[in-house]
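A closer look at the structure
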Amino acid sequence: GAKWLVTKDTGEAGGLPEKLAAAKKCGCRVILIDRPQEDGLTPEQVRQLLLPEPPMRFPLFVDLTGRRCLVVGCGKIGAHRAEVLLRYGAEVIVVAPEGETPAGAVHHRRAFEPNDLDGVFLVTAATDRRDINHEIYTLCVQRNVFGSTADNREECTFFFPAVRTGANLSVGLVSDGSDHKKTARAARAIGQVLKEESRT
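The sections below set out a description of the structure shown in this document. Not measured: the values here are computed from a predicted model.

Across its full length, the chain carries 5 helices and 9 strands. Going from N to C terminus, the chain has its helices and strands arranged as β-α-β-α-β-α-β-β-β-α-β-β-β-α. Pairs at least 24 apart in sequence give 46% of the contacts found in the chain among residues at least 6 apart. Accessible surface computed for the chain: about 13400 Å², of which carbon and sulfur atoms make up 56%. A distance of 3 Å separates the average location of the 27 positive side-chain charges in the chain from that of its 26 negative side-chain charges.

Below, the structure is given as C-alpha coordinates:
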(Lines give C-alpha, C1' and ligand atoms only; values in the text may rest on other atoms or scores of the structure.)
Protein backbone atom coordinates (compact mmCIF):
# COMPACT_ATOMS: atom_id res chain seq x y z
CA GLY A 1 0.00 0.00 0.00
CA ALA A 2 2.99 2.34 -0.10
CA LYS A 3 2.56 5.38 -2.36
CA TRP A 4 6.11 6.76 -2.17
CA LEU A 5 9.63 5.37 -2.21
CA VAL A 6 12.35 7.49 -0.64
CA THR A 7 15.85 6.27 -1.38
CA LYS A 8 19.32 7.60 -1.84
CA ASP A 9 21.24 7.01 -5.04
CA THR A 10 23.05 3.84 -4.07
CA GLY A 11 24.10 3.00 -7.63
CA GLU A 12 24.09 -0.47 -9.10
CA ALA A 13 26.08 -1.88 -6.18
CA GLY A 14 23.34 -0.73 -3.82
CA GLY A 15 20.53 -2.14 -5.93
CA LEU A 16 19.13 1.17 -7.18
CA PRO A 17 17.91 -0.19 -10.58
CA GLU A 18 15.97 -2.93 -8.80
CA LYS A 19 14.43 -0.42 -6.38
CA LEU A 20 13.28 1.82 -9.21
CA ALA A 21 11.88 -1.10 -11.19
CA ALA A 22 9.92 -2.29 -8.17
CA ALA A 23 8.58 1.21 -7.54
CA LYS A 24 7.45 1.53 -11.15
CA LYS A 25 5.75 -1.85 -11.03
CA CYS A 26 3.88 -0.92 -7.85
CA GLY A 27 2.97 2.57 -9.05
CA CYS A 28 5.03 4.31 -6.36
CA ARG A 29 6.34 7.83 -6.84
CA VAL A 30 10.07 8.11 -6.11
CA ILE A 31 12.03 10.68 -4.15
CA LEU A 32 15.67 10.08 -5.02
CA ILE A 33 18.33 11.63 -2.80
CA ASP A 34 21.47 12.34 -4.79
CA ARG A 35 24.89 11.42 -3.56
CA PRO A 36 26.45 14.27 -1.56
CA GLN A 37 29.12 16.28 -3.28
CA GLU A 38 30.61 17.31 0.06
CA ASP A 39 30.50 16.25 3.68
CA GLY A 40 26.98 15.77 4.97
CA LEU A 41 25.25 17.51 7.86
CA THR A 42 25.10 16.40 11.44
CA PRO A 43 21.69 15.59 12.95
CA GLU A 44 21.83 18.86 14.91
CA GLN A 45 22.50 20.84 11.70
CA VAL A 46 19.56 19.13 9.99
CA ARG A 47 17.36 19.97 12.99
CA GLN A 48 18.37 23.63 12.76
CA LEU A 49 17.53 23.71 9.04
CA LEU A 50 14.14 22.05 9.42
CA LEU A 51 12.88 23.60 12.65
CA PRO A 52 12.42 27.29 13.39
CA GLU A 53 14.70 28.73 16.02
CA PRO A 54 12.95 29.04 19.39
CA PRO A 55 12.68 32.53 20.87
CA MET A 56 15.33 33.67 23.30
CA ARG A 57 14.65 33.02 27.00
CA PHE A 58 13.04 35.84 28.96
CA PRO A 59 15.39 37.07 31.75
CA LEU A 60 13.27 36.71 34.90
CA PHE A 61 15.01 37.78 38.12
CA VAL A 62 13.44 36.16 41.18
CA ASP A 63 14.04 36.29 44.93
CA LEU A 64 15.70 33.04 46.02
CA THR A 65 15.96 33.98 49.69
CA GLY A 66 15.19 30.87 51.70
CA ARG A 67 13.97 28.92 48.68
CA ARG A 68 15.15 25.33 48.46
CA CYS A 69 17.23 24.72 45.35
CA LEU A 70 18.54 21.29 44.38
CA VAL A 71 21.84 20.63 42.61
CA VAL A 72 22.38 17.06 41.46
CA GLY A 73 26.04 16.36 40.74
CA CYS A 74 29.06 17.98 42.31
CA GLY A 75 31.70 18.23 39.65
CA LYS A 76 33.04 21.57 38.46
CA ILE A 77 29.70 22.70 37.02
CA GLY A 78 27.55 21.48 39.90
CA ALA A 79 29.78 23.02 42.58
CA HIS A 80 29.85 26.34 40.71
CA ARG A 81 26.07 26.43 40.37
CA ALA A 82 25.65 25.64 44.04
CA GLU A 83 27.95 28.54 44.92
CA VAL A 84 26.02 30.95 42.68
CA LEU A 85 22.69 29.93 44.21
CA LEU A 86 24.09 30.44 47.72
CA ARG A 87 25.17 33.95 46.80
CA TYR A 88 21.54 34.78 46.05
CA GLY A 89 20.27 33.53 49.40
CA ALA A 90 18.98 30.11 48.35
CA GLU A 91 18.84 27.08 50.62
CA VAL A 92 21.04 24.78 48.55
CA ILE A 93 20.81 21.00 48.70
CA VAL A 94 23.48 19.04 46.78
CA VAL A 95 22.97 15.35 45.99
CA ALA A 96 26.08 13.58 44.75
CA PRO A 97 28.13 10.59 45.91
CA GLU A 98 31.36 12.55 45.56
CA GLY A 99 32.70 16.08 45.26
CA GLU A 100 33.11 19.08 47.53
CA THR A 101 30.36 21.64 48.00
CA PRO A 102 30.79 25.31 48.90
CA ALA A 103 30.28 26.32 52.53
CA GLY A 104 26.62 26.74 53.36
CA ALA A 105 25.26 23.98 51.12
CA VAL A 106 23.87 20.72 52.51
CA HIS A 107 25.53 17.75 50.81
CA HIS A 108 23.80 14.36 50.68
CA ARG A 109 26.51 11.91 49.60
CA ARG A 110 24.40 9.42 47.67
CA ALA A 111 22.70 8.86 44.32
CA PHE A 112 19.70 10.94 43.25
CA GLU A 113 16.25 9.80 44.34
CA PRO A 114 12.95 11.15 42.93
CA ASN A 115 11.78 12.36 46.35
CA ASP A 116 14.78 14.74 46.39
CA LEU A 117 12.51 17.03 44.35
CA ASP A 118 9.97 17.33 47.16
CA GLY A 119 9.53 20.96 48.14
CA VAL A 120 12.19 22.42 45.85
CA PHE A 121 11.83 25.62 43.83
CA LEU A 122 14.34 24.81 41.12
CA VAL A 123 16.69 22.02 40.13
CA THR A 124 19.89 21.90 38.16
CA ALA A 125 21.10 18.50 36.94
CA ALA A 126 24.85 18.46 36.43
CA THR A 127 25.80 14.80 36.64
CA ASP A 128 28.00 13.00 34.13
CA ARG A 129 25.15 10.58 33.37
CA ARG A 130 22.83 11.48 30.48
CA ASP A 131 20.16 9.05 31.67
CA ILE A 132 20.07 10.55 35.16
CA ASN A 133 19.94 14.12 33.87
CA HIS A 134 17.09 13.14 31.54
CA GLU A 135 15.20 11.49 34.40
CA ILE A 136 15.54 14.62 36.53
CA TYR A 137 14.28 16.84 33.69
CA THR A 138 11.28 14.56 33.12
CA LEU A 139 10.39 14.63 36.81
CA CYS A 140 10.71 18.44 36.88
CA VAL A 141 8.26 18.75 33.98
CA GLN A 142 5.82 16.39 35.67
CA ARG A 143 5.98 18.35 38.94
CA ASN A 144 6.05 21.86 37.40
CA VAL A 145 9.45 22.55 38.95
CA PHE A 146 11.99 24.77 37.20
CA GLY A 147 14.69 22.43 35.87
CA SER A 148 17.95 22.88 33.99
CA THR A 149 20.26 20.16 32.69
CA ALA A 150 23.89 21.04 32.09
CA ASP A 151 24.31 18.72 29.10
CA ASN A 152 21.19 19.29 26.97
CA ARG A 153 19.70 22.67 26.10
CA GLU A 154 16.48 20.98 24.95
CA GLU A 155 15.91 19.68 28.47
CA CYS A 156 15.78 22.98 30.32
CA THR A 157 12.75 24.89 31.51
CA PHE A 158 15.25 27.60 32.45
CA PHE A 159 18.83 28.28 31.41
CA PHE A 160 21.30 28.68 34.28
CA PRO A 161 22.97 32.02 33.49
CA ALA A 162 26.52 33.21 33.66
CA VAL A 163 26.27 35.65 36.57
CA ARG A 164 28.25 38.82 37.14
CA THR A 165 27.67 41.33 39.94
CA GLY A 166 29.07 44.69 40.97
CA ALA A 167 28.14 48.34 41.55
CA ASN A 168 24.76 47.25 42.95
CA LEU A 169 24.04 45.48 39.68
CA SER A 170 23.32 41.85 38.95
CA VAL A 171 23.69 40.58 35.40
CA GLY A 172 22.64 37.15 34.16
CA LEU A 173 23.70 36.16 30.65
CA VAL A 174 22.52 33.22 28.55
CA SER A 175 22.72 32.25 24.90
CA ASP A 176 20.46 29.88 23.00
CA GLY A 177 22.50 27.08 24.54
CA SER A 178 24.64 26.41 21.47
CA ASP A 179 27.82 28.35 22.27
CA HIS A 180 28.95 28.31 25.90
CA LYS A 181 32.37 29.80 25.08
CA LYS A 182 30.75 32.84 23.49
CA THR A 183 28.62 33.30 26.60
CA ALA A 184 31.70 33.03 28.83
CA ARG A 185 33.58 35.65 26.79
CA ALA A 186 30.66 38.07 26.99
CA ALA A 187 30.29 37.45 30.73
CA ARG A 188 33.97 38.25 31.31
CA ALA A 189 33.59 41.50 29.38
CA ILE A 190 30.51 42.45 31.40
CA GLY A 191 32.34 41.59 34.60
CA GLN A 192 35.14 43.98 33.66
CA VAL A 193 32.62 46.78 33.03
CA LEU A 194 31.04 46.18 36.45
CA LYS A 195 34.46 46.36 38.11
CA GLU A 196 35.12 49.70 36.47
CA GLU A 197 31.69 50.95 37.57
CA SER A 198 32.48 49.94 41.15
CA ARG A 199 35.57 52.14 41.15
CA THR A 200 33.65 55.26 40.08
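From this point, the narrative continues.
So, on to the side chain of R81. By the element assignment, R81 lies in helix 3 (residues 76-87). If we ignore the near neighbours within four places in the chain, the residues touching R81 are T124, S148, A150 and F160.

So, on to the packing of aromatic side chains. Following the criterion strictly, the structure yields 3 aromatic pairs and no others. Centroid distance F146 to F158: 6.5 Å. Interplanar angle 90 degrees. Geometry classified as edge-to-face. Residue F146 is located in strand 7 (residues 146-149), and its partner F158 is located in the loop between strand 7 and strand 8 (162-166); the two are separated by 12 residues in the primary sequence. Among the residues examined, F158 registers a relative accessible area of 15% and is labelled buried. Taking the centre distance of 6.4 Å and the plane angle of 45 degrees together, the rings of F158 and F160 count as tilted.

Let us look at the environment of I132. Relative to the helices and strands, I132 resides in helix 4 (residues 130-143). On the accessibility criterion, I132 (22% relative accessible area) is partly exposed. Between the C-alpha atom of I132 and that of R143, which follows or precedes it by 11 residues, the distance is 17 Å.

Now for the environment of P161. Summarising the element assignment, P161 is placed in the loop between strand 7 and strand 8. Take P161: its relative accessible area is 28%, and that puts it in the partly exposed class. P161 sits 14 residues away from S175 along the chain, and the two C-alpha atoms are 8.6 Å apart.

Moving on to the state of the cysteines. Here is the idea: a disulfide is a covalent bond, and it sits between the sulfur atoms of two cysteines. This structure, assessed with the given rule, holds 0 disulfides. Unpaired in terms of disulfides, C69 finds its nearest cysteine sulfur in C140, a separation of 11 Å. Residue C140 stays outside any disulfide, its sulfur separated by 10 Å from that of C156, the closest cysteine. C140 gets classed as buried once you look at its relative accessible area, which sits at 2%.

This part takes up a positive patch on the surface. Residues K181, K182, R185 and R188 make up a contiguous surface patch of positive charge. Structurally, the position occupied by K182 is in helix 5 (residues 180-199). Exposure remark for K182: the relative accessible area of 52% places this residue in the exposed category.

This paragraph deals with the sheet that holds strand 6 (residues 122-125). Read from one edge to the other, the open sheet built from 5 strands follows the order 5-4-3-6-7, with strand pairing classed as parallel. One side of each edge strand has no neighbouring strand; the edge strands of this open sheet are strand 5 (106-108) and strand 7. Direction aside, the axes of adjacent strands within the sheet are offset by 15 degrees on average. Where strand 3 (residues 68-72) meets strand 6, 4 bridges bridge the pair, whose relative direction is parallel. Across the sheet, the residue bridging to C69 is L122, located in strand 6. Most of the contacts of helix 4 go to strand 7, to which it runs at about 165 degrees, and overall it touches strand 3, strand 6 and strand 7.

As a further point, take the pattern of salt bridges. When their charged atoms lie close together, side chains carrying opposite charge are able to pair. This structure, assessed with the given rule, holds 9 salt bridges. Note that E155 and R130 form a salt bridge whose closest N and O atoms lie 3.0 Å from each other. One end of the pair, E155, is in the loop between strand 7 and strand 8; the other, R130, is in helix 4, and 25 residues separate them in sequence. Look at E155 and you get buried, because its relative accessible area is 10%. When its relative accessible area of 35% is taken as the criterion, R130 is described as partly exposed. Here R153 makes a salt bridge to E154, at a shortest N to O gap of 3.6 Å. Owing to a relative accessible area of 18%, R153 belongs among the buried residues under this scheme. Each of the salt bridges in this network shares a partner with another, and the network as a whole consists of R130, D151 and E155.

Cut-offs used in this document
- Residues numbered from 1 in each chain as written.
- Predicted model: local features only at pLDDT ≥ 70, side-chain atom pairs only at ≥ 80, totals over all residues.
- Heavy atoms only, no water.
- Helix = DSSP H or I, 4+ residues; strand = E, 2+ residues; numbered from the N terminus.
- Contact = heavy atoms within 4.5 Å.
- Areas by Shrake-Rupley, 256 points an atom, 1.4 Å probe, with all protein chains shown as cover.
- Lys, Arg positive; Asp, Glu negative; His and termini not counted.
- Charge placed at Lys NZ, Arg CZ, Asp CG, Glu CD.
- Phe/Tyr/Trp six-rings, centres within 6.5 Å; stacked < 30°, edge-to-face > 60°.
- Buried < 20%, exposed > 50% of the residue type's maximum accessible area, 1.4 Å probe, protein only.
- Disulfide = S-S within 2.5 Å.
- Patch = residues over 30% accessible without salt bridge, like charges linked within 9 Å, V, L, I, M, F, W, Y side chains within 5 Å.
- Salt bridge = Lys/Arg side-chain N within 4 Å of Asp/Glu carboxyl O.
- Pairing = 2+ DSSP bridges.
- Axes fitted to C-alpha atoms, helices over the stretch in contact; angles between N-to-C directions.

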